[in-house]
Amino acid sequence: LRTARLLAESSEKRKAQGDADAVAKELSWIADILVYQLAQAPPPQETRGRLLVAVGRAYLAAARWDAAERLLRDAIPLLSGAERGAALAHCSEALAAMRKPAKALETAEEAARMLPANAAVRLNYARRLRDAGRVAEARFEYRALMEQHRGDRQAAVIRAELDALEREIAAATGGPPS
């Protein structure tokens, strides 16, 4: 774990310098070390799920989708409530990156059912709807999110993605969006 801490400190320095590739590589190494440590000295069951999610998120940040999805899937049965919903949302991100839109959408739907008030989970759900070609539903979800998060920090991201979706629809239909 000492090596993982040193790599994490190095990653923070490289991040500050703007070296994104090095940061992703180091995050991947950190995650590999942590997976090894988890296998050597398994933590108590109640914390294992949380640790798997943390390592899975590091793999997501390092663009190691298969490893992220595997660890997040392992974590989900160990979690409950909001933690389980958040893990499902992260898992759907990995599945989407792996170009598995149907499975990503199914997983995002489950997360959104568990955490209907969570903006990040619902935004992920809107993205998965868009990826799956269900643009009318994605548009509805983005608009609902805009109404609920008007003026907060998520609003700009939601607005940008909704505008991009509207442009895609206009280009596909040859006219302005309705």
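Look up a bit, the structure's there.
Starting afresh in each chain, residues are numbered from 1 along the sequence in its written order. The predicted origin of the model limits local features to residues at a pLDDT of at least 70 and limits the giving and counting of side-chain atom pairs to 80 or more, whereas totals for whole chains, interfaces and linings rest on all residues. Remark: hydrogens and water are excluded; side-chain values derive from all non-hydrogen atoms of the structure.

Undergrad: Looking at this model, I keep getting lost on the packing of helix H3 (residues 45–61) against helix H4 (residues 65–75). Mind explaining?
TA: Between two packed helices, what matters for the description is the angle formed by their axes and the separation of those axes. Fitted lines through C-alpha atoms give the axes, limited to the stretch in contact for helices. The angle between two N-to-C directions lies from 0 to 180 degrees. Comment: elements are numbered from the N terminus, with helices defined as DSSP H or I runs of at least four residues and strands as E runs of at least two. Interaxial distance between H3 and H4 falls to 8 Å at its minimum, and their mutual angle equals 165°. Between H3 and H4, the angle is such that the two are roughly antiparallel. Two packed elements cross with a definite hand, and for H3 against H4 that hand is left-handed. Residues Gly49, Leu52, Val53, Val55, Gly56, Tyr59 and Leu60 of H3 form the contact with H4, whose participating residues are Trp65, Ala67, Ala68, Leu71, Leu72, Asp74 and Ala75. Comment on the angle field: the value is read as roughly parallel under 35 degrees, roughly antiparallel over 145, roughly perpendicular from 65 to 115, and oblique elsewhere. Left-handed is the label given to a crossing in which the near helix is rotated counterclockwise from the far helix by less than a right angle, and right-handed is the label when the rotation is clockwise. Note on contacts: a residue pair qualifies if any of its non-hydrogen atoms lie within 4.5 Å across the two residues.

Undergrad: Honestly, helix H9 (residues 155–173) in this entry has me stumped. Any pointers?
TA: Two residues of an α-helix separated by three or four positions point the same way, owing to the 3.6 residues in each turn. A helix's residues, less one, multiplied by 1.5 Å, set its expected span. Compared with the 27 Å implied by 1.5 Å per residue over 19 residues, the 27 Å span of H9 between its first and last C-alpha is a close match. For H9, every residue scored as buried is listed here: Ala155, Ile158, Glu161, Leu162, Leu165, Glu166, Ile169 and Ala170. The elements touched by buried residues of H9 are helix H7 (119–131) and helix H8 (135–148). Immediately beyond the C-terminal end of H9, within one or two residues, lies Gly174, with a positive phi of roughly 80°. The rule is simple: take the accessible area with a 1.4 Å probe, protein chains only, and divide by the maximum for that residue type; under 20% is buried, over 50% is exposed, in between is partly exposed.

Undergrad: Is there a simple way to think about the layout of surface pockets in this case?
TA: One simple way to see leftover space: roll a probe sized like a water molecule over the atoms. The space that makes up the largest pocket amounts to roughly 180 Å³. Those elements that place two or more of their residues in the lining of the largest pocket are helix H5 (81–97) and H7. Of the residues forming the lining of the largest pocket, the biggest block, 6 residues, is contributed by H7. A class-by-class count of the residues in the lining of the largest pocket yields 6 nonpolar, 4 polar and 3 charged. Computed over the protein atoms alone on a 1 Å grid, cavities are sets of points where a 1.4 Å probe fits but cannot get out and pockets are open sets with protein on both sides within 12 Å along at least five of seven lines; a residue lines them when it has an atom within 4 Å of a point. Grid points are joined across faces, edges and corners, and a volume is the space filled by probe spheres set on the points. Under the convention adopted here, Pro, Cys and the residues Ala, Val, Leu, Ile, Met, Phe, Trp and Tyr are nonpolar, Asp, Glu, Lys and Arg are charged, and Gly plus all remaining residues are polar.

Undergrad: Before we go on, may I ask you to explain the packing of H3 against H5 in this structure?
TA: Two elements in contact, H3 and H5, have axes separated by 11 Å at closest approach and are oriented at 25°. By the angle between their axes, H3 is roughly parallel relative to H5. H3 and H5 meet at a crossing whose hand is left-handed. Between H3, through Arg50, Val53, Arg57 and Leu60, and H5, the contact on the second element is made entirely by Glu83, Ala87, His90, Glu93 and Ala94. Looking at side-chain class alone, the contact of H3 with H5 contains 4 nonpolar, 1 polar and 4 charged residues.

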